[in-house]
Amino acid sequence: MAPSSTEPHPLLPETVRRIDTLVAQAQADGRAPSLIIGVLRGGRLIHVATAGETPVPDPDLQYRIGSISKTMTAVLLLRQRDEGRLDLDDPLERHLPGTPLGTLRLRQLLSHVGGLQREPDGDWWERSAGSDLDTLLAGLTPDKLAHPPHHTFHYSNLAYGLLGAVLERVTGQPWWELVRERLLEPLGMTRTSYQATEPFARGYVVHPWHGTLREEPRTDTGAMAPAGQLWASTRDLARWAAFLADPDPRVLAPATLAEMCTPAAIADLDSWTAGYGLGLELHRVGDRVYVGHGGSMPGYVATLSVHRPSGTGVVGFANAYGFRTGALSPLGRQVLTTVLDLEPAPAVRPWRPAAAPPPPEIAELTGRWWWMGRELEVSWDPETDELVWTPLIPPGAVPWRFGRDATGRWRGRSGMNDGEVLTARRDATGAVTALDIATFVFTRDPDGD
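Predicted model, so just to flag it, every value in this text is computed and none were measured.

Caption draft 1: A look at the overall build of the chain. When you go through the chain residue by residue, the secondary structure sums to 12 helices and 21 strands. Computed over C-alpha atoms, the radius of gyration of the chain comes to 25 Å, within 12% of the 22 Å expected from 2.2 N^0.38 for 449 residues, which places it in the range of a compact globule. Overall, the C-alpha framework of the chain stretches about 80 × 60 × 40 Å when taken along its three principal axes. For the chain, with 449 residues in total, the buried portion stands at 49%. In the chain, the share of contacts with a sequence separation of at least 24, taken over all contacts with a separation of at least 6, comes to 62%. Split by element, the accessible area of the chain, about 20,600 Å² in all, is 54% carbon and sulfur. The distance from the centre of the 43 positive side-chain charges to the centre of the 54 negative ones in the chain is 2 Å.

Below, the structure is given as structure tokens:
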């Protein structure tokens, strides 16, 4: 049986050739001992490109993922919010009493707009044995603010160490235990671990003049682990990328993941090509926005980028710190753009007949409606249980979608009415006479008001 058009398919030979060439050239130019790039679509890894022999790359070989760990910390925090255990606008003081930085909000720390300095005090935390949580908190002083909150985007590893502390205080569980139980196990990520687990790639610094390798230490970063501790294989990181493209509701509500992808800060005010959401990097490439994160630890660099509308993504690793001024994430986005340009994912969802007509309370809302001379058609999508509002002019206008919220009300899920409530107006007999969206009243009669 031929695969359906909705199933991921192997890349075309020309696409594979271009990706493999990009990876080979990047490995040679960047002098990476080992380089691997994986392409995923529809939740599956569909191509792996490798270069280098120290060690020979493999999809099940572990590398250090660095700051991609922050995306997992953020997902855990948002899940706690969804479960009612905290609010993103909580001050840090509420969960870490006595801290001199207690006025900072969790939302500000998640999006790097709190102004907190980049690193904790002391030796470089990425390359030295980490301290415990009490030691990290004891080192906090009011002068740890590099900027006032919301003054600018200022990336802070320290912020994520503190978010990890909040998670531990709220749940009573260590951060790594939360990662393992609530993220890795449900998603089947068996090759992601706190410490390196064989087989894994050793990490190096490449000497700039004679090309020799110096192996870097593999530290336990202690209380700073939520900012960058984890190790993963390419296959596992692809599973995480697939989750960020299309989340498993058992792990995080899709609407919450979409919230994480909403820009909270612009990282480059001159060009507006990079931003940050709640724990996720955002990159605008042409007319597309990629979501993900880069990562680096001594001896390693990592990348993850997904194009959520198409379910297409790229993950990758190299085992040389810096990889010639951080070339891996730009390479990942270049590979992702190549795939999307040469093989765009099908944008049309196949139509399927409804198994039964909608219930009366939905059927009475469907049909043609008018507002200010504009005609719209309201239909029901049985697969999503949504009302779909389609403007008839101009042709091809993007529909509005309304779904029922926890109270049973119809609430906008897309477009200009996202979040707005739809209310049916009724006459004395109970018949629907108009639909009200945020005081915009739609009637059956084009002359209605």
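Having seen the model, we can carry on.
Caption draft 2: Up close: the environment of Arg 401. Relative to the helices and strands, Arg 401 is located in strand β17 (residues 400-404). Residue classification places Arg 401 among the partly exposed residues on the basis of a relative accessible area of 24%. Remark: the alpha-carbon pair of Arg 401 and Val 388, spanning 13 residues in sequence, is separated by 4.7 Å. Among residues more than four places away in sequence, those in contact with Arg 401 are Arg 349, Asp 381, Thr 384, Glu 386, Leu 387, Val 388, Arg 411, Gly 412, Arg 413 and Ser 414. A polar contact of 2.5 Å, which involves the side chain of Arg 401, links it to the side chain of Glu 386.

Caption draft 3: Expanded view of the pairing of strand β21 (residues 440-443). Bridge count for strand β20 (residues 432-437) against β21 is 4 bridges, and the pairing is antiparallel. Looking at β21, one finds that Asp 436 is bridged to Val 441. Between β20 and β21, which pair antiparallel in sequence order, lie 2 residues; one of them, Ala 438, sits at a positive phi of approximately 55 degrees.

Caption draft 4: Spatial organisation of the confidence of the model for the chain. The share of residues in the chain with pLDDT of 70 or more is 96%, and the mean pLDDT across the chain is 92. pLDDT under 50 marks residues 1-6. Its contacts with residues more than four places away, or in other chains, come to 2 contacts.

Caption draft 5: Region of the structure containing the pattern of salt bridges. Within the structure shown, the criterion is met by 31 salt bridges. Ionic pairing is found between Arg 368 and Glu 377, a salt bridge with its closest N-O pair at 3.2 Å. Taking relative accessible area as the criterion, Glu 377 reaches 32% and is therefore assigned partly exposed. Residue Asp 385 is joined to Arg 404 by a salt bridge in which the shortest nitrogen-to-oxygen separation is 2.7 Å. Of this pair, Asp 385 sits in the loop between β15 (374-381) and β16 (386-391) while Arg 404 sits in strand β17, and the two are 19 residues apart along the sequence. Three or more residues joined by partner-sharing salt bridges are found here, namely Arg 79, Glu 83, Arg 85 and Arg 182.

Caption draft 6: Up close: helix α1 (residues 13-30). Look at α1: 25 Å from first C-alpha to last across 18 residues, which is about the 26 Å you get at 1.5 Å a residue. The first or second residue beyond α1 is Arg 31, which carries a positive phi of 55 degrees.

Caption draft 7: Expanded view of the pairing of strand β2 (residues 44-52). Bridge count for strand β1 (residues 34-41) against β2 is 8 bridges, and the pairing is antiparallel. When the bridges of β2 are listed, Ser 34 appears paired with Gly 52. Between β1 and β2, which pair antiparallel and follow one another directly, the connecting turn spans 2 residues, one of which, Gly 42, has a positive phi of 60 degrees.

Caption draft 8: View of the side chain of Gln 117. With respect to the secondary-structure elements, Gln 117 resides in the loop between α4 (106-110) and α5 (133-138). You can call Gln 117 buried: its relative accessible area is 17%. A distance of 2.6 Å separates the side chain of Gln 117 from the backbone oxygen of Glu 119, its partner in a polar contact. Excluding residues that lie within four positions of it along the chain, Gln 117 makes contacts with Asp 143, Lys 144, Ala 146, His 154, Ser 156 and Leu 158.

Caption draft 9: View of the packing of α1 against helix α11 (residues 328-342). Where α1 meets α11, the closest approach of the two axes is 10 Å, and the angle between their N-to-C directions is 170 degrees. In terms of orientation, α1 and α11 fall into the roughly antiparallel class. Here α1 and α11 pass one another in a crossing that is right-handed. Where α1 abuts α11, its residues Thr 15, Arg 18, Ile 19, Leu 22 and Ala 26 lie against Leu 331, Gln 334, Val 335, Thr 338, Val 339 and Leu 342. Its residues assigned to classes, the contact of α1 with α11 shows 7 nonpolar, 3 polar and 1 charged.

Caption draft 10: Expanded view of the sheet that holds strand β9 (residues 274-276). On the basis of which strands lie adjacent, the open sheet formed by 8 strands has the order β2-β1-β13-β12-β11-β10-β9-β8 and antiparallel pairing. Each end of this open sheet is capped by a strand with a single partner; those strands are β2 and β8 (265-266). In the packing of α1 onto the sheet, contacts are made with β1 and β2, and the angle to β2 comes to roughly 35 degrees.

Caption draft 11: Representation of the packing of aromatic side chains. Throughout the structure, instances matching the rule amount to 13 aromatic pairs. Relative to Tyr 276, the ring of Tyr 155 lies with its centre 6.5 Å away and its plane at 80 degrees, an arrangement referred to as edge-to-face. Taken together, the positions of Tyr 155 in the loop between α5 and α6 (157-171) and Tyr 276 in strand β9 put the pair 121 residues apart, joining distant regions of the chain. Taking 5.1 Å as the distance between ring centres and 75 degrees as the angle between the ring planes, the aromatic pair formed by Trp 231 and Tyr 300 counts as edge-to-face. Separated by 69 residues along the polypeptide, Trp 231 in strand β7 (residues 231-233) and Tyr 300 in strand β12 (residues 300-307) bring together distant segments of the chain. Tyr 300 matches Trp 231 in its accessibility class, with the two residues each being buried. An aromatic cluster of at least three residues, connected via ring pairs, comprises Trp 371, Trp 389, Trp 400, Phe 402, Phe 440 and Phe 442. A cation over a ring is seen here: Lys 70 above Tyr 160, with NZ or CZ 5.9 Å from the ring centre.

Caption draft 12: Main features of the environment of Gln 27. Positionally, Gln 27 belongs in helix α1. Gln 27 sits 23 residues away from Thr 50 along the chain, and the two C-alpha atoms are 8.8 Å apart. Discounting chain neighbours no more than four positions away, the residues touching Gln 27 are Ala 32, Pro 33, Leu 35, Ala 51 and Gly 52.

What counts, and where the lines are drawn
- Residues numbered from 1 in each chain as written.
- Predicted model: local features only at pLDDT ≥ 70, side-chain atom pairs only at ≥ 80, totals over all residues.
- Heavy atoms only, no water.
- Helix = DSSP H or I, 4+ residues; strand = E, 2+ residues; numbered from the N terminus.
- Rg over C-alpha atoms; globule rule 2.2 N^0.38 Å.
- Buried < 20%, exposed > 50% of the residue type's maximum accessible area, 1.4 Å probe, protein only.
- Contact = heavy atoms within 4.5 Å.
- Areas by Shrake-Rupley, 256 points an atom, 1.4 Å probe, with all protein chains shown as cover.
- Lys, Arg positive; Asp, Glu negative; His and termini not counted.
- Charge placed at Lys NZ, Arg CZ, Asp CG, Glu CD.
- Polar contact = N/O pair within 3.5 Å; in protein donor to acceptor, adjacent residues only side chain to side chain.
- Pairing = 2+ DSSP bridges.
- pLDDT = per-residue confidence, 0-100.
- Salt bridge = Lys/Arg side-chain N within 4 Å of Asp/Glu carboxyl O.
- Expected span 1.5 Å × (residues − 1).
- Axes fitted to C-alpha atoms, helices over the stretch in contact; angles between N-to-C directions.
- Parallel < 35°, antiparallel > 145°, perpendicular 65-115°, else oblique.
- Left-handed = near helix turned anticlockwise from the far one by under 90°.
- Nonpolar A, V, L, I, M, F, W, Y, C, P; charged D, E, K, R; others polar.
- Phe/Tyr/Trp six-rings, centres within 6.5 Å; stacked < 30°, edge-to-face > 60°.
- Lys NZ or Arg CZ within 6 Å of the ring centre and 35° of its normal.

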